[in-house]
Amino acid sequence: MEKIIDEKKQGNSLVMEAKSENSRKLFIESYGCQMNFSDSEIVASILSKEGFNTTQNLEEADLVLVNTCSIREKAEQTVRKRLEKYNAVKRINPGMKVGVLGCMAERLKSKFLEEEKIVDLVVGPDAYKDLPNLINEVEEGRNAVNVILSKEETYGDISPVRLQSNGVSAFVSITRGCDNMCTFCVVPFTRGRERSRDPQSIVEEVNDLAAKGYKEITLLGQNVDSYLWYGGGLKKDFKNASEIQKATATNFAGLLKFVAEAQPKMRIRFSTSNPQDMTLDVIEVMANYRNICNYIHLPVQSGSDRILKKMNRLHTREEYFTLIDNIRKLIPDCGISHDIITGFPTETEEDHQDTLSLMEYVKYDFGFMFAYSERPGTMAERKFEDDVPEEIKKRRLTEIVNLQQEHSRHNTQKFIGKTVEVLIEKESKKSDAHWSGRNSQNTVVVFPKENYQVGDFVNVKINDCTSATLIGEAVGYSKNN
Ligand code: SF4
């Protein structure tokens, strides 16, 4: 009978699942998007059945795995620096094996072994179930590579081992891959074709998390709006196979409803949405279920129709405004964030002004803003010259960041004097006498600890703010607690 060991520390409690009979040590770290962090929990689960427990101590590791990101050049440089670090540790721990996972592994494939001698193992995002075989090969003295992409694999049958979790919020992946071919993006090449996971296995994972005391889940996908399952809803709804056949497909709105009804007390978030695929029924379901948070991450990338076309983003600025208007009509206090790329090939000052004026129209709560970074193998790299000078990219990025700062403060100030429901996640970074959590709009809220605990839903009266954080004091437990 396996024994689960919980390692709890005061204040910031970190849950790390471990099996007492496992003797091998796995050190795994992740970079990039939430999908990678969620995948690392799948990997930890697969290897926990092979005798590995996770360790936070690199020097005692038998196996070191780094889950890599390839979205920008800088992300890849970060990984190469980590490999240098492993090299230094390998001098005092020569038996240690090193593997690279994720998008950079998929992009470089076996070339990674030539470029980085420390690497023994290269595994793409769809080949994690092959890890036990690949590790055997490495232990027999050979390098091992599996970067085959799959049209089916969703790891829906793997129960993730929660890594460094606060025991309160967790990611639940619902789709893998992406079929949109945005010209700047490597994801379709490094994560393959889009596939959706069986809603039954998603609801089972959410029920399991609820049973373990988790209070919030984030449904994850590169593009959650294109979630589509043809299996026909939850099996319990149907008396026999033919009824299942007659059933309609489950789209993202349908899945959200299933999950919201399965666990009415569980807070539900999702990421990432796509303006060209988002449908009104998703917004309606959000408006109808109190436990679905009023927050949408809605990347726009550019405010210029000409640049959106060159990016192969299949919507116009007007269509984006209509979507924002619909969101604001059905969920007036919805928090909205974005991704924006500045300096895309051929971007003019006029295009840049279009992006600034779009931001002015939406007044986002916050965003992720980057200068264009040409990625090998993407459509943009093949078709367009990276012709916007670095200093212009930098200046435009500064203008976008400054405008966002203004809008963020404009939005946080609206909460002053109001009371918001907060789920306590951890200790505030700035003070161990304060808790930190988020409201439904995904804005960070900080307040004095008093007798509240991590995992409590608390009503907090806001009396001050910065552009990113609301500051207040607790006025009692929320009825959702
Ligand atoms: S929607 Fe576009 S940007 Fe997002 S993962 Fe897919 S291809 Fe990349």
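Residues numbered from 1 in each chain as written. Predicted model: local features only at pLDDT ≥ 70, side-chain atom pairs only at ≥ 80, totals over all residues. Heavy atoms only, no water.

### Looking at the UniProt feature "domain: TRAM" (unreviewed entry) in the chain
Taken from the UniProt record, the annotation "domain: TRAM" (unreviewed entry) applies to residues 413–476. Annotation note: span residues 413–476, helix share 2%, strand share 56%, distance between end C-alpha atoms 22 Å. (UniProt positions renumbered as here; feature names shortened; annotations may be inferred. Helix = DSSP H or I, 4+ residues; strand = E, 2+ residues; numbered from the N terminus.)

### A few points about the side chain of Arg313
Position of Arg313 relative to the elements: it lies in the loop between helix H11 (305–310) and helix H12 (317–330). One buried charged residue, Arg313, forms no salt bridge at all, with the nearest opposite charge on Asp339 at 7.0 Å. Among the polar contacts made by the side chain of Arg313, one reaches the main-chain carbonyl oxygen of Pro299 at a distance of 3.4 Å. (Buried < 20%, exposed > 50% of the residue type's maximum accessible area, 1.4 Å probe, protein only. Lys, Arg positive; Asp, Glu negative; His and termini not counted. Salt bridge = Lys/Arg side-chain N within 4 Å of Asp/Glu carboxyl O. Polar contact = N/O pair within 3.5 Å; in protein donor to acceptor, adjacent residues only side chain to side chain.)

### Comments concerning the sheet that holds strand E17 (residues 419–427)
Overall, mixed pairing links the five strands, which are arranged E17-E18-E19-E21-E20 in a closed barrel. The sheet shows a mean angle of 55 degrees between the axes of neighbouring strands, taken without regard to direction. Where strand E20 (residues 457–465) meets strand E21 (residues 469–477), six bridges bridge the pair, whose relative direction is antiparallel. Opposite Val460, over in E21, you have Ala474 as the bridge partner. (Pairing = 2+ DSSP bridges. Axes fitted to C-alpha atoms, helices over the stretch in contact; angles between N-to-C directions.)

### A short note on the UniProt feature "binding site: [4Fe-4S] cluster 2" (unreviewed entry) in the chain
Following the UniProt record, one finds the feature "binding site: [4Fe-4S] cluster 2" (unreviewed entry) at Cys178, Cys182 and Cys185. Those residues within four positions of Cys178 in sequence are excluded, and the remaining contacts are Val187, Pro188, Gly192, Arg193, Glu194 and Gln222. Mapping Cys185 onto the fold places it in the loop between strand E8 (175–176) and helix H6 (187–190). Judged by relative accessible area, Cys185 falls into the buried class, the value being 14%. Setting aside residues up to four positions removed in sequence, Cys185 forms contacts with Ile71 and Thr378. (Contact = heavy atoms within 4.5 Å.)

### Re the sheet that holds strand E14 (residues 295–297)
Judged by pairing direction, the sheet is parallel, and its three strands sit side by side in the order E14-E15-E16 without closing on themselves. Sheet topology places E14 and strand E16 (366–371) at the edges, where each strand pairs with a single neighbour. Averaged over all pairs of adjacent strands, the angle between their axes in this sheet comes to 10 degrees, without regard to strand direction. Here three bridges tie E14 to strand E15 (residues 335–342), and the two strands are oriented parallel to one another. Within E15, the position partnered with His297 by the bridge is Ser337. Against the sheet, helix H15 (residues 390–413) makes contact with E15 and E16, and its axis sits at roughly 175 degrees relative to E16, the strand it touches most.

### Considerations on the domain arrangement of the chain
Segmentation of the chain into domains returns domain 1 (2–146), domain 2 (166–293), domain 3 (330–413) and domain 4 (419–477). Using only C-alpha atoms to locate each centre, domain 2 and domain 3 end up separated by 28 Å. With ten residues of domain 2 in contact, the opposing surface of domain 3 contributes 14 residues. A buried area of about 930 Å², summed over both sides, lies between domain 2 and domain 3, and 81% of it is on carbon and sulfur atoms. On the domain 2 side of the interface with domain 3, the three residues burying the most area are Thr183, Phe184 and Phe189, jointly 54% of the side's total. There are zero salt bridges connecting domain 2 and domain 3. Our enumeration of links across domain 2 and domain 3 arrives at two residue pairs in polar contact (both at pLDDT 80 or more). A total of five residues in the side of domain 2 that touches domain 3 trace back to one element, the largest contributor, which is helix H10 (residues 280–288). Residue classes in the side of domain 2 that touches domain 3 are distributed as eight nonpolar, one polar and one charged. (Domains from an automatic or database assignment. Buried area = accessible area lost by both parts, 1.4 Å probe. Nonpolar A, V, L, I, M, F, W, Y, C, P; charged D, E, K, R; others polar.)

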